Structure formats: structure tokens, C-alpha cells
Amino acid sequence: MRYKIFTAVLSFGLALAGCGGNDSTPTATSTRQPAPTTTQPAPSPTPTPTPAPAVTPVAETFVPNANIPDKMAFAPDGRLFYNELKTGNVRVVNNGVLQAQPFASIQIDGSAEGGLIGITFDPNFSTNHFVWVLYSAPGGRNVIAHFTDVNGVGTSPTVVFDQITWARFHNGGNIDFGSDGFLYVSTGDNEHPEFSQDKSSLQGKILRLTRDGAPAPGNPFGNAVYAMGLRNPFDFTFSPITGKFYVSENGPECDDEVDVIQSGGNYGWRPGYPCGDTDPNFIGPMIRFDKPIAPTGIAIYDGSVFPQFSGNLFLVDFKEGKLRRYPLDENAGKVSDPEIILNGEFGRLLDIAQGPDGFLYIATTSSIIRLVPKH
Ligand SMILES: [Ca+2]
Ligand SMILES: [Ca+2]
């Protein structure tokens, strides 16, 4: 079977306005000035930092047939793992080839928004070979477990945490380790906004756990909860530059958001939530969308392949199939207007991740594509 590889050429405006070049020739030439009587060294021109030229990206197919690849993660050795949302299979792409045998086949409840929803690698993967997953198990719980990677096969499944409930809708979520070595989890409110404001509920939250599934030391409320007031936080990422924590939050018929998460923060989702909320008792979003886009995957770029992307925040969405690139000022906690890189031509989008090769990988509902330099 031949795979049809297609390439969509994307148009980009050069973001190099104001590059003045190396103007090292002095131009002041007044003839009335006396010639200097002493010889002074010419002031050395201040070197003008020259931004690396922009590299035009093009989208190409990487995995042509993928079965709802809900979340992706790169292993430290460069393999791409992804979750098939509704089959419970964790799949592996090794050197560009999708492996026939799944890494793991997990028994899930894939009804409504349930399924295999989270994946990450243990920070100590090189020694313990743990691949961590979050999935909706039969019986109504979202379960965190790890498998041990033995030559591309997941062995020794071990459930670490099974106290998150899942509901047909507003199911969250993802898992990942922070630079503090603890495991973070995003959870949906299960269509109960009051859960999001209840510190004792694990729903509508960011959780922070030890590898054994205990509340991490230093958590703000003395339990597993790290941050609260969320509705349906699909994905999150830690900035590879600052470690700051960004989450994609799905609002009601308004106020899809990107939030910057801090310990003990309350992000405002609650019963009677007003669209465009500005209540100062809650932490407002860094990005807010008036109309629903259903934000999904989120990533911050620190690769060198596309110099003009450095430090930018990337967000994909389910409703419009857009890939947005935001210039991001992490210190100010602000973004500038986005550039739309993909605009629905690949259908709904689920996740985005930077590969070890510096390319950007994007999960659609039926494939994995990637942005590579145009040749
Ligand atoms: Ca909010
Ligand atoms: Ca992701």
C-alpha cells in the first residue's frame, strides 16, 4: 500500500522588520569641523544582534493513518508514543515507522468523552523505563498507571492512583511531570461546577502527586489538589524555558482559555459563571476566546529548526482545526496577536508536541502531521 504524502505549503510573513543591517560606515561628514589633533581610536560600533533568518515551515504527513491520536509524547530516546483515544492502545513510532504491535492495550471505557487520555515519560525513564498513562477505566474512575518499557512492549502495568472520577463529559485531562519531579494531572469537573470550587474534590483541578500516588509535599490544601476552579482542562505544558505551567481550558459557550497555573490558584469556574468573568477573586486567563474553539494541545517551542518560533506558545483546537502561534512574554504573562499556521485544512486537531528533531508534531483525528523546513 502506498501512502499518499501530501505537502501543504504555508505562507508566512517574514518577521524581521526593522533589521537595519551592519551599518559600520560613519556618515557624519561636516567639513567645517577642525580635524582632530589627536588620534583617537574610532569608537567600535555596537554589534547589532542579527536574528537568525526565519525558516519557512511546511506541513507533511508523518503517520498517515492514526486512530484518534488524542495525546502524544516523545521518549527520551526519540520514539514517539501516542494514545489511541477509543481503542486503549498506546502506539509507538520508531524512526518514522509505526510499530505494528501496540506498546500496550489498555481496557478502557471509551464511551462519550472517556478513553485513553494522558501519556508521559518518567523523568527517570533511562533507569526505570516507566511510561505513565491516564485513562477512563470501566467502573467510573480515571486511572493513573505506569508500564515498564521492555524493547517497545509495555510490561508490569501498575495502577498508582484511581481516585479521579470520570463522567461522560468534562473529563479532562493529561498527566506530566514537573521539573520538581512530581506528577501533575488535569481533571474535568464532570459537569459539576461546584466540584471545581470544592477543595476536597479532585474534579475541575490540577492535582500534584508523588510517584506513589500520594499528595505531593507542599501542596496548598494538604491534599492532592494543586490548583482549582477549572472546567475541562484538556492539556497542559511546562515551559522548557522558564518551567511555567500553561493549561488549555475549555469553557462553556464562551471563555475558552489558556491559563497560567500557580500553586493554590483559583481559575474561576463555578456555578453561575458569567461569560467574560472579571471577578478579581479569581485568576483570569492569559488568553481568552469569546467564541468556543475547544482548545486542545498546547506547547512552547524551544527548538532551533525554526528560529522565529523560539519561545512562542502554540495552541491547537478541535472546533476550527487551527494551529495558532503566539509570541509569548513569559515574564509579563502576556501574548501578542497570533499567527494562524493551520486553518482547518487538516480537520480537527488534538495535540501538538515538539520533537527531539525540532519539528512540530500535530495530531489530527486520523493522522499525525508535522511542520518541517521547506526545501
Ligand atoms: Ca477560568
Ligand atoms: Ca500535549
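Residues numbered from 1 in each chain as written. Chains lettered and ligands numbered in written order. Predicted model: local features only at pLDDT ≥ 70, side-chain atom pairs only at ≥ 80, totals over all residues.

Asker: Provide a residue-level description of the overall build of the chain, including the pertinent values.
Answerer: Looking only at helices and strands, the chain has 2 helices and 28 strands in total. Across the 375 residues of the chain, 40% fall into the buried class. Counted over contacts in the chain with a minimum sequence separation of 6, partners at least 24 positions apart contribute 54%. (Helix = DSSP H or I, 4+ residues; strand = E, 2+ residues; numbered from the N terminus. Buried ≥ 20, exposed ≤ 12 C-beta atoms within 10 Å, placed from the backbone. Contact = placed C-beta atoms within 7 Å.)

Asker: Residues and numbers for the sheet that holds strand S11 (residues 153-165), please.
Answerer: On the basis of which strands lie adjacent, the open sheet formed by 4 strands has the order S8-S9-S10-S11 and antiparallel pairing. Edge positions in the open sheet fall to strand S8 (116-121) and S11, since each of these has one partner strand only. Recorded for the sheet is a direction-independent mean angle of 20 degrees between the axes of neighbouring strands. Here S8 runs beside strand S9 (residues 130-137); their pairing, made up of 5 bridges, is antiparallel. Bridged to Thr120 within S9 is Trp132. (Pairing = 2+ DSSP bridges. Axes fitted to C-alpha atoms, helices over the stretch in contact; angles between N-to-C directions.)

Asker: Tell me about the pairing of strand S13 (residues 183-186), residues and numbers included.
Answerer: Of the two faces of S13, the one carrying Leu183 and Val185 and the one carrying Tyr184 and Ser186 are both buried. Examined bridge by bridge, strand S12 (residues 175-177) and S13 share 3 bridges and lie antiparallel to one another. Residue Asp176 lies in a different strand from S13, and its bridge partner there is Tyr184. Between the antiparallel neighbours S12 and S13 lie 5 residues, among them Gly181 with a positive phi of about 85 degrees. Relative to strand S14 (residues 206-209), S13 is paired through 4 bridges, and the arrangement is antiparallel. For Leu183, the partnering residue across the bridge sits in S14 and is Leu209.

Asker: Would you mind going over the environment of Ile298 in detail, with residue names and values included?
Answerer: With respect to the secondary-structure elements, Ile298 resides in strand S20 (residues 295-300). The contacts of Ile298, once residues within four sequence positions are left out, are Asp235, Phe236, Thr237, Tyr246, Ser248, Val258 and Leu315.

Asker: Report on unusual backbone geometry, specifying residues and quantitative values.
Answerer: A cis amide bond links Gly172 with the next residue in sequence, Gly173, at an omega value of -5 degrees. Topologically, Gly173 is positioned in the loop between S11 and S12. The phi dihedral of Asn190 falls on the positive side, at around 60 degrees, and the residue is not glycine.

Asker: Can you tell me about the sheet that holds strand S17 (residues 245-249), naming the residues and giving the values?
Answerer: Taken together, the 4 strands give an open sheet; going across it, the order is S16-S17-S18-S19, and neighbouring strands pair in antiparallel fashion. Whereas interior strands pair on both sides, the edge strands pair on one side only; in this sheet they are strand S16 (233-238) and strand S19 (287-289). Averaged over all adjacent pairs, the angle separating strand axes in this sheet is 20 degrees, with direction ignored. Across 5 bridges, the pairing between S17 and strand S18 (residues 256-261) is antiparallel. Within the sheet, the bridge partner assigned to Glu249 lies in S18 and is Glu257.

Asker: Which residues make up the nonpolar core, and what are the values?
Answerer: A general feature of soluble globular proteins is that nonpolar side chains tend to end up buried together. Within the largest apolar cluster, 81 residues are counted, with the highest numbers of intra-cluster contacts made by Phe81, Val133, Tyr361 and Ile362. Counting residues per element, this core draws most heavily on S9, at 6 residues. (Core = buried A, V, L, I, M, F, W, Y, C linked by C-beta atoms within 7 Å.)

Asker: Account for the environment of Val58, with residues named and values stated.
Answerer: By secondary structure assignment, the location of Val58 is in strand S2 (residues 57-63). In this structure Val58 comes out as partly exposed when scored by C-beta crowding, with 14 C-beta atoms within 10 Å. Along the chain, Val58 and Leu371 lie 313 residues apart, while their C-alpha atoms are 5.3 Å from each other.

Asker: Which residues make up the environment of Ser200, and what values do they have?
Answerer: Among the structural elements, Ser200 can be located in the loop between helix H2 (193-196) and S14. Assessed through the 8 C-beta atoms surrounding it within 10 Å, Ser200 is described here as exposed. The sequence separation of Ser200 and Phe221 amounts to 21 residues, and the corresponding C-alpha distance is 8.6 Å.

Asker: Talk me through the pairing of strand S5 (residues 89-94); I want residue IDs and the actual numbers.
Answerer: Relative to S5, strand S4 (residues 80-84) runs antiparallel, the two being bridged by 4 bridges. Bridge pairing in S5 places Tyr82 opposite Arg91. Taken together, S4 and the strand that follows it, S5, pair antiparallel across an intervening segment of 4 residues, in which Gly88 is found at a positive phi of about 80 degrees. Examined bridge by bridge, S5 and strand S7 (residues 104-105) share 2 bridges and lie antiparallel to one another. Residue pairing across strands places Asn89 opposite Ser105, the latter belonging to S7. One ladder, built from 2 bridges, connects S5 with strand S6 (residues 97-98); its direction is antiparallel.

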